[in-house]
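Fold and geometry: a report
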Amino acid sequence: MDIDDLAWQASNCRGLSPKRVRLLLEHGHLNLVAQVAVDRGEWFCAEGAVEELCQAGDFGRALSVMEPFVDAGWRPALYAKAEILLRAGRRTAEVLDLVRPDDSGRASTAECRDFAEVLSKAGRIDEAVELLVPHLDESGLLSLLVDITDGQGRDERVLKLIAPRADHARRAFGEGRWDYSHSNAQELQARVLERAGRADEAIRILGQDIAERRFFAQNTLIAYAELLARHGRLDVTIPS
């Protein structure tokens, strides 16, 4: 099993693709998928087989599928192993020690993202949030913050972290600067406002951004339309 090959598979969706793996599993070929994962080093087969096995409560076999990838030094496999152990009921501290960055202050974006996800799955939401805070200006981590705090009673804290980034996006567009570093911050702000029970405020703020064309991505316009639809407000005019 080769790290470079695994990285190539993961970054290019090569080997057996996630779609093909899902089809095989849907047709009852779990044993085949698990065997191919181990014999051929197919990463998406390993991920798919492990999820099926964990859902069935077969954590021992799930670990046996993932272990060769861990032994090869493939870091995503180590995080996958930690998740298996958590789902199997292993002690949280023991599991977290497997994947904890040596120095969280110097951890890479990828390490922070992955460890924050493990923390959230272990129920350590506040620790996950604090780990992400210094990195929220890096790609994808603001979205992850919103995802892992959904339903966790942390919406006010998250809104305080999103607000300056949403304002930054508005100012950048108003000043004619094509700054995409926070291009989804406005829709994320609306999403958290909505789930916090403040849908009218979300519609008002995002609607004003749309009306004044202070947004970068088509996804923001789509998010606004979907927000209106969820709350029966499609009578509101969406600027063309």
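Once a new chain begins, its residue numbering starts again from 1 and follows that chain's sequence as written. Per-residue local features of the predicted model are confined to residues with pLDDT of at least 70, and side-chain atom pairs are confined, for both listing and counting, to 80 or more; whole-chain, interface and lining totals are unaffected and use all residues. Note that water and hydrogens are dropped before the side-chain values are worked out from all heavy atoms of the structure.

Considering the nonpolar core
Grouped together as the largest cluster of nonpolar side chains are 71 residues, with contacts concentrated most on W43, M66, F69, L132, L145 and I162. Here, residues are in contact when the closest pair of their heavy atoms is within 4.5 Å. Discounting residues that sit within four places of it in the chain, F69 has contacts with M1, L6, A37, G41, E42, W43, A46, W74 and A77. To define a nonpolar core, start from buried Ala, Val, Leu, Ile, Met, Phe, Trp, Tyr and Cys residues and group those joined through side-chain atoms within 4.5 Å. Only protein chains enter the accessibility calculation, which uses a 1.4 Å probe; a residue whose area is less than 20% of its type maximum is buried, one above 50% is exposed, and one in between is partly exposed.

Concerning helix α14 (residues 218–230)
Put simply, DSSP marks the helices as runs of H or I at least four residues long and the strands as runs of E at least two long, and each gets a number from the N terminus on. Here the expected length of a helix is defined as 1.5 Å per residue gap, with one fewer gap than residues. Given a rise of 1.5 Å per residue, 13 residues ought to cover 18 Å, and the 19 Å separating the end C-alpha atoms of α14 matches this to within 8%. Each element contacted by the buried residues of α14 is listed here: α12 (185–195) and α13 (199–211).

As for the packing of helix α10 (residues 141–148) against helix α11 (residues 155–174)
A fitted line through C-alpha atoms represents every axis, and for helices the fit uses only the stretch in contact; the resulting angles, taken between N-to-C directions, go from 0 to 180 degrees. At their nearest, the axes of α10 and α11 sit 11 Å apart, and the two run at 155° to each other. One finds that α10 runs roughly antiparallel with respect to α11. Note that α10 runs across α11; the crossing there is left-handed. Seen from α10, the contacting residues are L142, L145 and V146; seen from α11, they are V158, L161, I162 and R165. Here the angle decides the label: under 35 degrees means roughly parallel, over 145 means roughly antiparallel, 65 to 115 means roughly perpendicular, and every other value means oblique. Less than a right angle of anticlockwise turn of the near helix away from the far helix marks a crossing as left-handed, whereas a clockwise turn marks it as right-handed.

Describing the packing of aromatic side chains
Pairing of aromatic rings covers Phe, Tyr and Trp, the last counted by its six-membered ring, and requires centre-to-centre distances within 6.5 Å; plane angles under 30 degrees mean stacked, over 60 mean edge-to-face, and any other angle means tilted. Taken as a whole and assessed by the stated rule, the structure comprises 2 aromatic pairs. Measuring from centroid to centroid gives 6.0 Å for W43 and W74, while their planes differ by 80°, and the two rings are edge-to-face. Of this pair, W43 sits in helix α4 (residues 43–55) while W74 sits in the loop between α5 (59–71) and α6 (75–87); the two residues are 31 residues apart in sequence, bridging distant segments of the chain. For the pair formed by W43 and W74, the shared burial category is buried. These aromatic residues form a ring-pair network of at least three members: W43, F69 and W74.

Let's talk about the layout of surface pockets
Site definitions follow a grid-based scheme: protein atoms alone, a 1 Å grid, a 1.4 Å probe that fits but cannot get out for cavities, and for pockets an open set with protein on both sides within 12 Å along at least five of seven lines, plus lining residues having an atom within 4 Å of a point. Grid points are joined across faces, edges and corners, and a volume is the space filled by probe spheres set on the points. Roughly 490 Å³ of volume is contained in the largest pocket. What lines the largest pocket is a set of 23 residues, among which W43, E47, P76, Y79 and A80 lie closest to the centre. Contributions of two or more residues to the lining of the largest pocket are made by α4, α6 and α8 (109–121). The element best represented in the lining of the largest pocket is α6, accounting for 8 residues.

Some details on unusual backbone geometry
Phi is positive for R213, close to 55°, though the residue is something other than glycine. Along the chain, the position of R213 falls in the loop between α13 and α14.

A few points about the pattern of salt bridges
By salt bridge we mean one thing: a side-chain nitrogen of Lys or Arg within 4 Å of a carboxyl oxygen of Asp or Glu. Using the criterion set out here, one finds 23 salt bridges in the structure. Across the pair E94 and R90 runs a salt bridge, and its minimum N-O distance is 2.4 Å. Of the charged contacts in the structure, one is a salt bridge between R91 and E94, with a shortest N-O distance of 4.0 Å. Look at E94 and you get partly exposed, because its relative accessible area is 32%.

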